[in-house]
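# Observations on the model geometry
One-letter residues, chain by chain:
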Amino acid sequence: MTLRTALALLAMLVAVGCNRIERPLVIGAKDFAEQQVVAELVAQRLRARGVPTEVDDTPRDTLAAIEALWLGEIDLYVEYTGSALALIGHPPIHDVDESFATTRDLATENGLAFGPLLGFRNDFVVLARPGSAFAARPATLGDLAGRARPLRIGMPADFRERPVDGFDALVRRYGWRAEPGLIVPSSPAGKDQLYAALLDGEIDLAIGFRTDPEILDFDLVVLADDRGFFPAYAAGPLTRAALLARRPEVAVALGDLEGIVTTDEMRAMVAEVANLGADPFAVAARFLDPTGAPEPVGTSGRPLPERPTSIATSPAGSLATLAVIVVLVLIARLYVRPVRRPDPGDEAR
């Protein structure tokens, strides 16, 4: 075998290996604890089904997450039906099945793929502190119309800005006299500030999420949405349709995520991360395998599995790597002269 032939064979093997090795699927997340948990949940379940996966924990809002998906910076993230529809100005849909079907169809029309639903919902909810006049049972949003004093409502900044399912639309639907009594950043620190203000009586009502652990921690009262204002916010993975067409194993693995977690289960995991400082990777791992072998204990007092430190590769990648090594060895044997040790008899000769 000539040197030219050997190098040509090496180049061919490298090209084949590069073409056949798929990089890990990159899972993105928005900038709050629930998204950190659900990103790990999806990544670990896909990894268990043989799909190499890693998590990009760059904090993003909804617009930044969609942009990253389009640009290929991430391959998938978990979106909510209500948020996706509101983003394009679609009228709110309250039925979960209809909301899912509409979101899925609109995603398909735009070169994306949505679903399946993971099982939990993270609807917006209006909350009152226990024992207040606003928490009289049964408490409904309709009961608050006609009050003489304007309602002081606290909310995250992004809820104030939402045109279809945000503050202004909510006030119009229920005919309230209301004012944004407190607007906090859409961040964990902002949420702490929001709930502190509600408990201290600085605001009358707070806009939260159904999976917020503070609802149970402080026995907050969820006011019934008796006029059906808030749409369903059912969670499901959003990815590019072209990726699923190119990698059918990803589509199969995503199908295994349907109904994987309930709203109550998600709330409990969020509480571990947000309140106890637990590692989202460990929380998701324990949920998926509660009978796993004990590992070092984390901040939650429960076993803490180790994060994966390497990226999995496909069998095709391993074989291509082995073939490259073999060719390199052959080239070395053919064209690298061995160093001959001096023979003691050389001087005599």
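Residues numbered from 1 in each chain as written. Predicted model: local features only at pLDDT ≥ 70, side-chain atom pairs only at ≥ 80, totals over all residues. Heavy atoms only, no water.

## A word on empty space enclosed by the protein
In the structure shown here, the tally under the stated rule is one cavity of 30 Å³ or more. Size it by volume and the largest cavity reaches roughly 30 Å³. Lining the largest cavity are Gly82, Leu85, Ala86, His90, Pro91, Pro92, Ile93, Val164, Asp165 and Pro231. Its residues placed into classes, the lining of the largest cavity shows seven nonpolar, two polar and one charged. (1 Å grid on protein atoms, 1.4 Å probe; cavity = no way out; pocket = protein on both sides within 12 Å on 5 of 7 lines; lining within 4 Å. Points joined across faces, edges and corners; volume = space filled by probe spheres on them. Nonpolar A, V, L, I, M, F, W, Y, C, P; charged D, E, K, R; others polar.)

## Concerning the sheet that holds strand S6 (residues 151-156)
In spatial order, the strands read S7-S6-S8-S5-S9; together these five strands make up an open sheet with mixed pairing. Looking at the sheet topology across the chains shown, the edges are occupied by strand S7 (178-184) and strand S9 (221-222). Two elements, strand S5 (residues 124-128) and S9, share two bridges in a ladder whose sense is antiparallel. Residue pairing across strands places Ala128 opposite Val221, the latter belonging to S9. (Pairing = 2+ DSSP bridges. Helix = DSSP H or I, 4+ residues; strand = E, 2+ residues; numbered from the N terminus.)

## What to know about helix H12 (residues 263-276)
Here H12 contains 14 residues, and its C-alpha end-to-end distance of 19 Å stays within 8% of the 20 Å for a straight helix at 1.5 Å per residue. For H12, every residue scored as buried is listed here: Thr263, Met266, Arg267, Met269, Val270, Ala271, Glu272 and Val273. Where H12 is buried, its residues touch helix H2 (33-48), helix H9 (214-217) and helix H13 (280-288). Among the residues trailing H12, Gly277 stands out with phi positive, at a value near 75°. (Expected span 1.5 Å × (residues − 1). Buried < 20%, exposed > 50% of the residue type's maximum accessible area, 1.4 Å probe, protein only. Contact = heavy atoms within 4.5 Å.)

## Considering the pattern of salt bridges
One pass over the structure, following the stated rule, counts 19 salt bridges. For Arg162, the salt bridge goes to Asp165, with nearest N and O atoms at 2.9 Å. The exposure class assigned to Arg162 is buried, which follows from its relative accessible area of 16%. We classify Asp165 as buried; its relative accessible area is 1%. In the salt-bridge network here, residues are joined through shared partners; they are Arg23, Asp75 and Arg240. (Salt bridge = Lys/Arg side-chain N within 4 Å of Asp/Glu carboxyl O.)

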